[in-house]
Amino acid sequence: MRLGILNNGYKPQTKLLFTAVRLFSGQPMPDAAKLVFYRPDFYGARAKEFTHEAMRGQSAWSVADRELMAAYVSKVNSSAFCVGAHTATASRAYQDEKRVAAVLDDLDSADVEEPLRATLRMLGKLVAEGTVSAADMRAVLAAGATAEQVGDALAVCAAFNTTNRLADAFGFEVLSPAEFDAGAKYLLKRGYK
Amino acid sequence: MRDVKQAGYRALVERVLDGAGAASAEQRVRAFGDVGLAAPLDSLIDGVLARPGRVSEADFAAAKAAGFSEDQLFELVVCAAVGQSTRMYEAGLAALDEAASGGEDV
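**Quick word on the overall build of chain A**
Move 1: Summing up its helical and strand segments, chain A has 11 helices and 0 strands in all.
Move 2: Reading the helices (α) and strands (β) of chain A from amino to carboxyl end gives α-α-α-α-α-α-α-α-α-α-α.
Move 3: Computed over the C-alpha atoms, the radius of gyration of chain A is 17 Å, within 12% of the 16 Å expected from 2.2 N^0.38 for a compact globule of 193 residues.
Move 4: The burial tally for chain A puts 49% of its 193 residues in the buried class.

Shown next, in the form of structure tokens:
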């Protein structure tokens, strides 16, 4: 990563944890995980709590749907690390790689439920333009998403717009497909806490 | 559940802006709002907000040469990213509330 403190500035017990993860999993600790261990009282602790609530907390969206939203927001932001991580996680959660690939390739033609398609479209506009209108939201509600679901999707978007920008600004190392898949298994088992 | 999520988000925002930090609270507020930043920090923060994929070692090196420590830059980049997401989150929720209440666009 571009700041030396994010590569080497960890407390001894945290470095030991990174070593243990590498030994037991056979994979290095991804930079996304390392970031939240750096001075966790400043950012990581509360970021993890919010992200876990958005991604694994109570919602009418499935975990797979929310991982797909994370992948889609990341794609609009052109964040290679996050696209890889959440494409792998959504694919594993749905047990359907083709569905995820189709949405990321062409949302309009993908075989996906209308409330989810309309929600993803709105999130894409919000990320690309920085704002959305009441008319945009009416279109999502008319497609069948509830107001509660839209609020939940906005929380996913807030979490991953931040992570996308930190990933690219700090220079997270993009992992191999096997490493992203290992991360996906972890995220589906343990979440973001 | 919206209240739970918003409360969690507010806790994050309050911490990065108001808690202890290596960067001053004033610097963090400026990075969060993307306002009133001087060169070369403005270039780094603009990059985080507009084209994070093109932020480079040189952007960080220029800010360090201007006297910012790595811990200060870590905090200011986090504040900038969280600030932009906050503006998006608030704009989305406001539009949703307007749509759900039957309001018209202004």
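On we go.
**Looking at the overall build of chain B**
Move 1: In terms of regular secondary structure, chain B is built from 5 helices and 0 strands.
Move 2: When the helices and strands of chain B are read in sequence order from the N terminus, they spell out α-α-α-α-α.
Move 3: C-alpha atoms of chain B, sized along the principal axes, occupy 55 × 30 × 20 Å.

**Observations concerning the nonpolar core**
Move 1: In terms of nonpolar packing, the biggest core is built from 87 residues, with Met69, Tyr72, Leu123, Val156 and Cys157 of chain A together with Val77 of chain B touching the most fellow members.
Move 2: Excluding its chain neighbours within four sequence positions, the residues that come into contact with valine 77 of chain B are Leu166 and Ala169 of chain A together with Val48 of chain B.

**Structural notes on the packing of helix H5 (residues 63-76) of chain A against helix H8 (residues 114-129) of chain A**
All names here are of chain A.
Move 1: Their axes nearest at 9 Å, the elements H5 and H8 cross at an angle of 35 degrees. Regarding H5 and H8, the two cross each other, and that crossing is right-handed. Residues Asp65, Met69, Tyr72, Val73 and Val76 of H5 touch H8, and the partners they reach there are Leu116, Leu120, Leu123, Gly124, Val127 and Ala128.

**What about the interface of chain B and chain A?**
Move 1: Counting residues at the interface gives 42 residues for chain B, matched by 43 residues for chain A.
Move 2: The set of elements that each furnish at least two residues to the side of chain B that touches chain A consists of helix H1 (2-18), helix H3 (41-50), helix H4 (57-65) and helix H5 (70-100) of chain B.
Move 3: Of the residues forming the side of chain B that touches chain A, the biggest block, 22 residues, is contributed by H5 of chain B.
Move 4: Here the side of chain B that touches chain A is built from residues that sort into 24 nonpolar, 8 polar and 10 charged.

**Section: H5 of chain B**
Since the α-helix packs 3.6 residues into each turn, any two residues three or four apart lie on the same face.
Move 1: Compared with the 45 Å implied by 1.5 Å per residue over 31 residues, the 44 Å span of H5 of chain B between its first and last C-alpha is a close match.
Move 2: Following H5 of chain B by one or two positions, glycine 102 of chain B has its phi on the positive side, about 85 degrees.

**What about unusual backbone geometry?**
Move 1: The omega angle of the peptide bond from alanine 39 of chain B to proline 40 of chain B is 0 degrees, so this bond is cis rather than trans.
Move 2: Within the secondary structure, proline 40 of chain B is located in the loop between helix H2 (25-33) and H3.
Move 3: Positive phi is not limited to glycine here, since glutamine 95 of chain A has a value of about 55 degrees.
Move 4: Here glutamine 95 of chain A shows up in the loop between helix H6 (80-94) and helix H7 (97-105).
Move 5: The exposure class of glutamine 95 of chain A is exposed, given the 8 C-beta atoms found within 10 Å.
Move 6: Positioned with a positive phi, aspartate 34 of chain B is a non-glycine residue whose angle comes to about 55 degrees.
Move 7: Turning to its location among the elements, aspartate 34 of chain B is positioned in the loop between H2 and H3.
Move 8: Of the residues examined, aspartate 34 of chain B has 18 C-beta atoms within 10 Å and is grouped as partly exposed.

**Let's talk about the environment of alanine 80 of chain A**
Move 1: Its location among the elements puts alanine 80 of chain A in helix H6.
Move 2: The spacing of alanine 80 of chain A and proline 40 of chain A is 40 residues in sequence and 24 Å in space, taken between C-alpha atoms.

**So, the packing of H2 of chain B against H5 of chain B**
Residue and element names in this part refer to chain B.
Move 1: Where H2 contacts H5, the two axes come as close as 6 Å, and the packing angle between them is 40 degrees. Here H2 is positioned oblique relative to H5, judged by the angle of their axes. Crossing geometry of H2 relative to H5 is assigned as right-handed. Contacts from Gln27, Arg28, Ala31, Phe32 and Gly33 of H2 reach H5 at Glu75, Leu76, Cys79, Ala80, Val82 and Gly83.
Move 2: Tallied by class, residues from the contact of H2 with H5 come to 6 nonpolar, 3 polar and 2 charged.

**Looking at H5 of chain A**
Residue and element names in this part refer to chain A.
Move 1: Helix length check: H5, at 14 residues, gives a terminal C-alpha distance of 20 Å against a target of 20 Å (1.5 Å per residue), a fit within 8%.
Move 2: Those residues of H5 that sit buried are Asp65, Arg66, Glu67, Leu68, Met69, Ala70, Ala71, Tyr72, Val73, Ser74, Lys75 and Val76.
Move 3: Residues of H5 that are buried sit in contact with helix H4 (44-56), H6, H7, H8 and helix H10 (147-170).

**Details of the confidence of the model for chain B**
Move 1: On average, residues of chain B score 95 in pLDDT, and 96% of them are at 70 or above.
Move 2: The complex model carries a pTM of 0.97, and its ipTM stands at 0.96.

Criteria and thresholds
- Residues numbered from 1 in each chain as written.
- Chains lettered and ligands numbered in written order.
- Predicted model: local features only at pLDDT ≥ 70, side-chain atom pairs only at ≥ 80, totals over all residues.
- Helix = DSSP H or I, 4+ residues; strand = E, 2+ residues; numbered from the N terminus.
- Rg over C-alpha atoms; globule rule 2.2 N^0.38 Å.
- Buried ≥ 20, exposed ≤ 12 C-beta atoms within 10 Å, placed from the backbone.
- Core = buried A, V, L, I, M, F, W, Y, C linked by C-beta atoms within 7 Å.
- Contact = placed C-beta atoms within 7 Å.
- Axes fitted to C-alpha atoms, helices over the stretch in contact; angles between N-to-C directions.
- Left-handed = near helix turned anticlockwise from the far one by under 90°.
- Nonpolar A, V, L, I, M, F, W, Y, C, P; charged D, E, K, R; others polar.
- Expected span 1.5 Å × (residues − 1).
- Parallel < 35°, antiparallel > 145°, perpendicular 65-115°, else oblique.
- pLDDT = per-residue confidence, 0-100.

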